[in-house]
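Chain residues, written in single-letter form:
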Amino acid sequence: MAGNRTPAKRRESGPGTLSKVRIDLHTHSTASDGTDSPAELVRAASAAGLSVVALTDHDTTSGWDEAAAAVPSGLTLVRGMELSCTGRGEDGEPVSVHLLAYLFDPEDEAFAQERARLRGERVTRLRAIAEKMAADGLPIDPDSVLASAGEAAGRPHLGRALIDAGYVSNMDAAFAGPLATDGPYYVEKLDTPLELAVQMISAAGGVSVLAHARARSRGRILDLDHVRELAALGLGGVEVHHMDHSVQDTTVMAELAAELDLIVTGSSDYHGTNKTVELGEYTTSPEQYDRIVAAARP
């Protein structure tokens, strides 16, 4: 098994196997929707006993420099990002999907332009949702939320505003209520088609890994045949071990990865206090991490 869920301070990367190398390839900071600053995140990763941590904020690389400057001795920082994409759902209709990108050239012009477009989409959507809420009597000021959100404005920033105003008790309640995708305030945004995203990441020298593709608790999920099509276009791997995957769906993704010879990752998807998961609860094996490093182009 390439990764598993373990208490954050244990050093296990597989059942019953002690390892000094613990690798978490999916985390978020305040550069997007986490609650730890990039510097705090890498220090927390070191304190949690991680050997390698990837910073993968949504649609932005703005946290990279701060994280790199604060990396403690003994910890390797992987520069990454989580891209907002659209794929084909099991019902044949478009579905929101996230794609992790590792070790790409941030100066690649086409990819940089697409990230900037996505961040613009985020701002437009957040303002539209906030204005709908405000018009319905919810205590939300769009300008205040945007001012606190930074580059990668997202629904968790609205969730935080709702918590601070006392309208909901926590982030789960915010996403189950006012921020629900089937709720009255939801607004779509124009995300990157998965095929284009995979090709852009490859062209920028990076490695793409499909994030939590079987996260049924989040809604509709990606068609497995679409993953097969993406593999033919250069998809590097799939995130198999994730808190939102059931045992059955973890098995499905592991079998698909074996079928397509894709890299297998396990990650916490850490967001600080915005989620209950801890750093290192899910890990990636050193062998699979080495495949990512080998596949990236300098």
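Please refer to the structure higher up on the page.
On a predicted model such as this, the values are computed, not experimentally measured, just so you know.

### With respect to the pairing of strand β8 (residues 207-210)
- Of the two faces of β8, the one lined by Val-207 and Val-209 and the one lined by Ser-208 and Leu-210 are each fully buried.
- Relative to β8, strand β6 (residues 94-102) is paired through four bridges, and the arrangement is antiparallel. Across the sheet, residue Leu-99 finds its bridge partner in β8, namely Leu-210.
- Here two bridges tie β8 to strand β9 (residues 237-241), and the two strands are oriented parallel to one another. Paired with Val-209 across the two strands is Gly-237, which belongs to β9.

### Observations concerning helix α7 (residues 194-203)
- For α7, the set of buried residues is Leu-194, Ala-197, Val-198, Met-200 and Ile-201. Mapping the buried residues of α7 onto a view down its axis gives an arc of 165°, with all of them on the same face.
- Elements that come into contact with the buried residues of α7 comprise β5 (76-88), β6, α3 (109-135), β7 (192-193), β8 and α8 (224-233).
- At the C-terminal side of α7, Gly-205 shows a positive phi close to 85°.

### Details of the packing of α7 against α8
- Interhelical geometry of α7 versus α8 gives an angle of 30° and a closest axis separation of 10 Å. By the angle between their directions, the pair α7 and α8 is classed as roughly parallel. For α7 against α8, the interelement crossing comes out right-handed. On α8, the residues touching Leu-194, Glu-195, Val-198 and Gln-199 of α7 are His-226, Leu-230 and Leu-233.
- Taken together, the residues of the contact of α7 with α8 sort by class into four nonpolar, two polar and one charged.

### Notes on the pairing of strand β4 (residues 52-55)
- Of the two faces of β4, both are covered, the one formed by Val-52 and Ala-54 as well as the one formed by Val-53 and Leu-55.
- Crossover strand β3 (residues 23-27) to β4 through helix α1 (residues 38-47) is right-handed.
- Relative to β5, β4 runs parallel, the two sharing four bridges. In the sheet register, Ala-54 faces β5, and the bridge partner there is Val-78.

### Side note on the pattern of salt bridges
- Evaluated as defined, the whole model comprises 18 salt bridges.
- Its salt-bridge partner being Asp-225, residue Arg-228 comes within 2.8 Å of it at the nearest N-O pair. Residue Arg-228 and its partner Asp-225 are located together in helix α8, separated by three residues, close to a single helical turn.
- Looking at Asp-225, the relative accessible area reads 41%, which means it is partly exposed.

Definitions and limits used
Residues numbered from 1 in each chain as written. Predicted model: local features only at pLDDT ≥ 70, side-chain atom pairs only at ≥ 80, totals over all residues. Heavy atoms only, no water. Buried < 20%, exposed > 50% of the residue type's maximum accessible area, 1.4 Å probe, protein only. Helix = DSSP H or I, 4+ residues; strand = E, 2+ residues; numbered from the N terminus. Pairing = 2+ DSSP bridges. Arc of directions from axis to C-beta. Contact = heavy atoms within 4.5 Å. Axes fitted to C-alpha atoms, helices over the stretch in contact; angles between N-to-C directions. Parallel < 35°, antiparallel > 145°, perpendicular 65-115°, else oblique. Left-handed = near helix turned anticlockwise from the far one by under 90°. Nonpolar A, V, L, I, M, F, W, Y, C, P; charged D, E, K, R; others polar. Right-handed = clockwise from strand over helix to strand, strands pointing away. Salt bridge = Lys/Arg side-chain N within 4 Å of Asp/Glu carboxyl O.

Everything listed is a geometric property; what it means functionally is a separate question.
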